[in-house]
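Secondary and tertiary structure notes
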Number of protein chains: 2
Amino acid sequence: MRYAEPISRLIKAFSRLPGIGEKTAGRLALYVLNAKKDYVKELVESLLDVKENVRLCSGCMSFSEADPCRLCSDPSRDAATICVVADYKDMVAIEAAGSFRGRYHVLHGAIAPLKGVGPDEIKFEELVSRVRDGGVSEVILATSFDAEGETTALYIKKALSGFAVKVSRIASGVPVGGSIEYMDPSTLGRAMDGRREA
Amino acid sequence: MRYAEPISRLIKAFSRLPGIGEKTAGRLALYVLNAKKDYVKELVESLLDVKENVRLCSGCMSFSEADPCRLCSDPSRDAATICVVADYKDMVAIEAAGSFRGRYHVLHGAIAPLKGVGPDEIKFEELVSRVRDGGVSEVILATSFDAEGETTALYIKKALSGFAVKVSRIASGVPVGGSIEYMDPSTLGRAMDGRREA
């Protein structure tokens, strides 16, 4: 015997979610079985709502209910500065920090040749288009400082070299709250190279 | 800015699942956003299917599409022996082991006074009823060997002492594949106390 058929089916569906193994999926399915109908209704409705009402903003490629999104249609934001991020969550993190008042471009991925992800698999051409259309004075590369993020930043920098646009990279260095003692040598090297007048 | 409203709503729904924090819920929501419509349709349908078509078997209290469940209506299984488990998953685990051919009783919880879970919060009265109705010769207590499982086993043993029924507890000892060296003292004590002729 295994679980009753509808339970097995739900476990299978849950276990396709990232980071959810079969054991965890089983725990989630059991939770759903015991949960109030209201909760399951809410979960189902929010799943459908997200799939039906969230699309990509044709400007910045971020997820949004409206097209253009709220940020792209906000006249108080500087349309000449584009901050390029790999994922929507990175954009949300930068917005939460609150210091950037320009627009975004979400690539929905980073270039990773070993995983078969090239520029065509991400929203790279859309970025080039925005720059080509004009009105952009600076592109800030805010991809992560891991191999894929660095590769992506380098690739975009090269691709935009023919345009009259300033391409910058956010700073790499010791994070706020970080102890020098525990930093890895590459971070310390970056921090040293990127030093500014105190 | 935070996430678009439908995304926040989905994150909130996901984060109510056990063991899913806000970060993980965010990751799951993003996965859903990027997932094929077919996948989301399957997840939604299986959630609804489970809530609509799975009920408690009125015999053993396990989750089942049919009532009585397949095990309770199987004439080849011994109706006189009831194996009591705390959760449905414990029943599935014992069934997977394949050595038990009687019936089950799922308590849907274990007695935990500190968490406010007493006999009334679990399917205890239903077990007493089954014993009272007769035809039961042995009740095997297969609750876990932690504080809650032991408390539950003890409570049931006492409660059934007035009935002409044998109440047994599954064996506690060194698990198969376990090294004596690494066993905790209580397990070794239990294993010693429960020794049988070799």
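Up top is the structure.
A short tour of the structure in this document, coming up. (Residues numbered from 1 in each chain as written. Chains lettered and ligands numbered in written order. Predicted model: local features only at pLDDT ≥ 70, side-chain atom pairs only at ≥ 80, totals over all residues. Heavy atoms only, no water.)

1. Observations concerning the relation of the copies chain B and chain A
Applied cut-off: Here the copies are matched by least squares. The fit uses the C-alpha atoms of residues with pLDDT of at least 70 in both. Only heavy atoms enter the contact rule, under which two residues are in contact if any of them lie within 4.5 Å.
The two copies are related by a screw motion: chain B maps onto chain A through a turn of 179° and a shift of 0.0 Å along the axis, at an RMSD of 0.1 Å. Both chain copies can therefore be described as sitting about a two-fold axis. Among all C-alpha atoms of chain B, that of Val44(B) lies closest to the rotation axis, at 2.8 Å. Here 100% of the contact residues of chain B are again contact residues in chain A; the copies associate through an equivalent surface.

2. Points about the sheet that holds strand β4 (residues 102–106) of chain A
Residues and elements named next belong to chain A. Stated formally: Pairing between strands is defined by DSSP: at least two bridges between the two strands are required. Numbering of helices and strands runs from the N terminus, with a helix taken as a DSSP run of H or I at least four residues long and a strand as a DSSP run of E at least two residues long. Where helices are involved, their axes are fitted lines through C-alpha atoms of the stretch in contact, as for all axes, and angles between N-to-C directions lie from 0 to 180°.
Across the sheet, which stays open at both edges, the four strands sit in the order β4-β3-β5-β6 with parallel pairing between neighbours. Single-partner strands in this sheet number two, and they are β4 and β6 (166–169). Within this sheet the neighbouring strands show an average axis-to-axis angle of 25°, counted without direction. The strands touched by helix α4 (residues 88–97) are β3 (78–85) and β4; relative to β4, the strand with the most contacts, the crossing angle is about 160°. Those strands touched by helix α5 (residues 124–132) are β3, β4 and β5 (138–141), and its axis lies near 145° from that of β4.

3. What about helix α3 (residues 37–53) of chain A?
Here is the rule we go by: The span expected for a helix works out to 1.5 Å for each residue beyond the first. Relative accessibility decides the category of a residue: with a 1.4 Å probe and only protein chains considered, values under 20% of the type maximum give buried, values over 50% give exposed, and everything between is partly exposed.
Here α3(A) is 17 residues long and its end C-alpha atoms lie 23 Å apart, about the 24 Å a rise of 1.5 Å per residue gives. Within α3(A) the residues assigned to the buried category are Tyr39(A), Val40(A), Leu43(A), Val44(A), Ser46(A), Leu47(A), Asp49(A), Val50(A) and Lys51(A). Looking at the packing, one finds that the buried side of α3(A) touches α2 (22–34) of chain A together with α1 (5–14), α2 (22–34) and α3 (37–53) of chain B.

4. Things to note about the packing of aromatic side chains
Heads up, the condition is: Aromatic pairing here means that ring centres of Phe, Tyr or Trp (its six-membered ring) are within 6.5 Å. Orientation follows from the plane angle: under 30 degrees is stacked, over 60 is edge-to-face, and everything else is tilted. Note on geometry: a ring has a charge over it if NZ (lysine) or CZ (arginine) is within 6 Å of the ring centre and within 35 degrees of the ring normal.
Considering all chains together, one arrives at ten aromatic pairs over all chains under this definition. Between Phe124(A) and Tyr155(A), the aromatic rings sit 5.1 Å apart at their centres with planes inclined by 70°, giving edge-to-face as the arrangement. You can see Phe124(A) sitting in helix α5 and its partner Tyr155(A) sitting in helix α6 (residues 147–159), a full 31 residues away along the chain. Classification of Phe124(A) as buried rests on a relative accessible area of 7%. Ring geometry for Phe100(B) versus Tyr104(B): centroids 5.2 Å apart, planes at 70°, classification edge-to-face. With respect to class, Phe100(B) is no different from Tyr104(B); both count as buried. One aromatic cluster in this structure is built from Tyr3(A), Phe63(B) and Tyr88(B). Against the face of Phe145(B) rests Arg169(B), its NZ or CZ located 3.9 Å from the ring centre.

5. Concerning the interface of chain B and chain A
Keep this limit in mind: For salt bridges, the criterion is a side-chain nitrogen of Lys or Arg within 4 Å of an Asp or Glu carboxyl oxygen.
Residue-level contacts link 50 residues of chain B with 51 residues of chain A. Linking chain B with chain A are six salt bridges. Of the charged contacts, one joins Arg9(A) and Glu45(B) as a salt bridge, the two residues approaching to 3.2 Å between their closest N and O atoms. Put simply, the parts of the chain that give the side of chain B that touches chain A at least two residues each are α1, α2, α3 and α4 (88–97) of chain B. No other element matches the 13 residues that α3(B) contributes to the side of chain B that touches chain A.

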